Amino acid sequence: MSESHNFGGKSDIIALSKVSKTFWRGKERLDVLQDLNLTMQEGSFEALMGPSGSGKSTLLNLIAGLDVPSSGSLKVAGVELSQMSEGDRAGFRAANIGFVFQTYNLLPVLTAVENVELPLLLAKLPAAERRKRAQTALRVVGLEDRMDHYPRQLSGGQEQRVTIARAIVGDPKIIVADEPTGDLDRHAANEILNLLGKLNTEFNKTIVMVTHDPAAAERASICHRLDKGALAL
Amino acid sequence: MTLLGVAVRNIKRSKLRTALTLAVVAIATLFFILLRTVIWSWTSASEFSAKDRIATRHKVSFVMTLPKRYAEEIAQIPGVKAVAYASWFGAKNPKDESDFFATIATDPKTLLDVYHEIQTTPEQKQAWFENRRGALVGDALAKKEGWKVGDKVTLTGSIYPGDWEFFVSGIYTTTTTNVDRSTLYFHWEYMNESLTGARKDQVGWILANISDAGASGRISKEIDAKFGERDLQTVTMSEAALNQSFLGMFSAVLKAVDIVSIVMILIMGLIVGNTIAMGVRERTNEFGVLRAIGFLPKHIAQFVLGEAAAIGLFGGLIGVALGYPFVNALVGRALEENMGNMFPQFRVQPGIAALGLALAIVLAMAAAVLPARKAASLKVVDALRRVG
């Protein structure tokens, strides 16, 4: 289960081997990913770029355990996901993956700290411990003075920082970010990218980010370009 | 914070929609309680009947009269303690003919012996006994008409035509709720002295107090047997049986009330279901995110069902809270005062309130089952695709 490759002292936390993903639209077959081979090292910050329809979001969904490949092997954090049931993948995601979406999708009826605490409801933790961890996560993203604010009382950048706090509160190994700066102005986008960089360098989180923004992609140590379901050379 | 707590707080999301839905649940619960109380009060009227009182009437119908001398003969039957007689007079207040109240001609002394629940002061009782035009008026009727002791009251007779003058000798209250407080009793002699021919010396029904409530069946049979060979035969029954036979005439009405109460609460369920379905459709993206961060389909279903349960609970509680004053203080008081013989005790029963609240919660949850299943069965990737 925990087999991984080792390159120069760092192990592969994500390993795709001959991964294909096919969708059916009625009788029409759509080969979104084709025989993809890809590895990502633990603690890396990698970007996925490509035109619309290139398969980057599908690839991100596979890495995050939201979907399974049609064929091939997909190992994330040492776990083979390709044959895993939906229920098991939900547990895997809760333990290993933090999600940052383009639209923040915070629950409007919960405060910032409650939104961050939400994933911890799945863990068997005392309420006080859950709240303490949520507060710590908000401190990491610099929102210690906005804990009791509701999403409507926060700016877009602040909402995205709450989302990042929600992503890291369970201490996942990997953070997947789907266009995390897509709805933000340049200043707020830079703050979010700085924060992701900090999580990568200071907290050793592996970050996989889908983006259309070249400036965002520059923050990544490795940038993968996809085109028509394959990695572009 | 708990999963259920989050579900409950979701009802604050759209305040106007939630307020309107809560209003529907509250109103449905309130009317469920009201209609169920009608059924309960009506069907339990016999429980409040005096067990030691029997009534004798003409065998054919209430409308047909009996000779007054039958009362004297009934008084001779062993086990009978006191006998009174009465006739339905059917007079109206000429100032407002649509205003209904009972006017009954009776013998004052024996009436108060048989109806020991009727209470008035010794002075007023004596004044009524001594004044042939005196009337004893229920406190609810006196309050409604603005009558006081000593007032002269003129009523127009319908069964016994003409203007009839009365003086309010006393105002009575009752010790139990099975005697209504909106009746005007007056001297049967006053009515009888104006009558001639076949209408003279007739009474509508005869009431008797018996010494042993358990012997009511035997004594009733004895009374009817006594007059079985006469031209005018009788039928005698306990007060409870009298109420039940009266109730039988309205069984269709009770059934209709029963059905309406169920239909009303079912409509409430459909409205709640529609509200929940709209909320689920609007929150597809949120459910996608929750699924992504590790929540299972069962958790999503719990969110939806929890929200529905909260709407049912809060709406039901509001309905129950409004139901008590509405039924007890408003409708109940009016019915007890004006129709005390049919609705001797019109009060919300805790069991009915609890049933209303439970139905509000259960039906709200039942109505949310389909939206909950739909939300729980969303594929994560499909739900997230709607994020943007």
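Quick note: structure is the one above.
To keep things clear, this report deals only with the structure shown in the data block. (Residues numbered from 1 in each chain as written. Chains lettered and ligands numbered in written order. Predicted model: local features only at pLDDT ≥ 70, side-chain atom pairs only at ≥ 80, totals over all residues. Heavy atoms only, no water.)

With respect to unusual backbone geometry
Residue and element names in this part refer to chain A. Located in the positive-phi region is Lys-18, a residue other than glycine, with phi close to 50°. Along the chain, the position of Lys-18 falls in strand β2 (residues 10-25). Even without being glycine, Ala-77 reaches a positive phi, approximately 55°. Tracing the backbone through its elements, the reader meets Ala-77 in the loop between β5 (71-76) and β6 (79-80). (Helix = DSSP H or I, 4+ residues; strand = E, 2+ residues; numbered from the N terminus.)

Points about the interface of chain B and chain A
By a widespread convention, an interface's size corresponds to the accessible area lost as its parts come together. Listed per partner, the contact involves 23 residues of chain B and 27 residues of chain A. When the two sides are added together, the surface that chain B and chain A hide from each other amounts to roughly 2,300 Å², 68% of it contributed by carbon and sulfur. Three residues stand out in chain B for area buried against chain A, namely B:Met1, B:Arg9 and B:Ile293, and they jointly supply 29% of the buried area on that side. Counting the contacts that link chain B with chain A gives two salt bridges. Between B:Arg291 and A:Glu86 there is a salt bridge; the shortest N-O distance is 2.7 Å. Scanning the region where chain B abuts chain A turns up seven residue pairs in polar contact (both at pLDDT 80 or more). When residues of the side of chain B that touches chain A are traced back to their parent elements, those giving at least two are α1 (3-9), α11 (284-292) and α15 (380-385) of chain B. The leading source of residues in the side of chain B that touches chain A is α11(B), at six residues. Among the residues making up the side of chain B that touches chain A, the classes are represented as 13 nonpolar, five polar and five charged. (Contact = heavy atoms within 4.5 Å. Buried area = accessible area lost by both parts, 1.4 Å probe. Salt bridge = Lys/Arg side-chain N within 4 Å of Asp/Glu carboxyl O. Polar contact = N/O pair within 3.5 Å; in protein donor to acceptor, adjacent residues only side chain to side chain. Nonpolar A, V, L, I, M, F, W, Y, C, P; charged D, E, K, R; others polar.)

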